[in-house]
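Structural overview
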Amino acid sequence: MESVFAFLHAMIGERPVEIAAFFLGLANIILLVRRSIWNYPFGIVMVSLYGWIFYGEKLYSDVLLQIFFFVVQIYGWAHWMGRRDEAGRVIVTALGGRAALAYALAALAGVAALGGFMATYTDASFPFWDASVAVLSVIAQILLARRRLENWLVWVGVDALAIGLYWTKGLYPTAALYTLFLVIAAIGYVNWRRAFARGEAIEE
């Protein structure tokens with residue numbers, strides 16, 4: 001039993017702000033998988049806490065990312081309100097090929113620009129690695145707010161990159177959270193894909 005408690009302590013940490021962010025993030029993504037609009041209150045508080053945490057760790061790209069997330073959380077909440085089925089779950093849509101290519105090119109340009117800026121003008125840790133997490137997260141969050149199925153595939157990539165970055169920085173509870181995010185993102189893709197296949201979505 002002691003080993004179980006030791007594992008949980010190592011995973012969620014001992015700083016109150018990081019513990020709170022951990023559980024808020026977990027609730028947020030579980031509700032997202034279920035296509036529940038109630039994910040957004042949890043998400044808004046979570047990104048506020050992580051903005052504070054990342055500022056203390058000099059992960060400035062991630063600080064900017066949390067500010068962006070805060071705004072998009074509010075946008076997503078409003079966008080989802082009128083686009084739900086009779087059970088209250090959001091209706092899923094999918095990207096076309098041209099749109100997917102445009103997002104991919106935007107990601108490459110964004111990482112190069114943000115990583116280059118952080119490397120040149122700040123004391124950021126791992127500027128391009130951090131920028132990759134930030135830029136892909138922006139794209140994933142936009143896709144999520146727009147109800148696109150592919151948001152989960154981008155989140156899988158974000159989570160894989162974030163796990164390595166946060167572990168390297170010693171943010172072990174956050175790395176553990178992103179490990180859970182990685183698993184749940186894969187589940188989210190499967191669930192949303194099934195909804196799409198059942199005709200609960202339209203392709204755009």
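I will try to describe carefully the structure that is included in this document. (Residues numbered from 1 in each chain as written. Predicted model: local features only at pLDDT ≥ 70, side-chain atom pairs only at ≥ 80, totals over all residues. Heavy atoms only, no water.)

Another aspect to go through is the packing of aromatic side chains. Going through the model one piece at a time under the given rule, you end up with 12 aromatic pairs. For the pair Tyr50 and Phe54, a centre-to-centre distance of 5.4 Å together with 20° between the ring planes defines the contact as stacked. Of this pair, Tyr50 and Phe54 are both found in helix H3 (residues 39-56), four residues apart, which corresponds to roughly one turn of the helix. Residues Tyr178 and Phe181 carry aromatic rings whose centres are separated by 5.1 Å and whose planes lie at 65° to one another, so their mutual orientation is edge-to-face. In this pair, Tyr178 and Phe181 both sit in helix H8 (residues 172-197), three residues apart, roughly one turn of the helix. Taken individually, Tyr178 and Phe181 each receive the classification buried, so the pair is uniform in this respect. Among the aromatic residues, those joined into a cluster by ring pairs are Tyr50, Phe54, Tyr166, Tyr178 and Phe181. (Phe/Tyr/Trp six-rings, centres within 6.5 Å; stacked < 30°, edge-to-face > 60°. Helix = DSSP H or I, 4+ residues; strand = E, 2+ residues; numbered from the N terminus. Buried < 20%, exposed > 50% of the residue type's maximum accessible area, 1.4 Å probe, protein only.)

A few words on the packing of helix H2 (residues 16-33) against H3. Interaxial distance between H2 and H3 falls to 8 Å at its minimum, and their mutual angle equals 145°. Like other packed secondary-structure pairs, H2 and H3 cross with a definite hand, here left-handed. Counting all contacts with H2, which are made through Val17, Glu18, Ala20, Ala21, Phe22, Leu24, Gly25, Ala27, Asn28, Leu31 and Leu32, the residues of H3 involved are Asn39, Phe42, Gly43, Val45, Met46, Leu49, Tyr50 and Ile53. Of the residues that constitute the contact of H2 with H3, the class distribution is 14 nonpolar, four polar and one charged. (Axes fitted to C-alpha atoms, helices over the stretch in contact; angles between N-to-C directions. Left-handed = near helix turned anticlockwise from the far one by under 90°. Contact = heavy atoms within 4.5 Å. Nonpolar A, V, L, I, M, F, W, Y, C, P; charged D, E, K, R; others polar.)

Interpretation note: all reported values are geometric properties and have no functional meaning in isolation.
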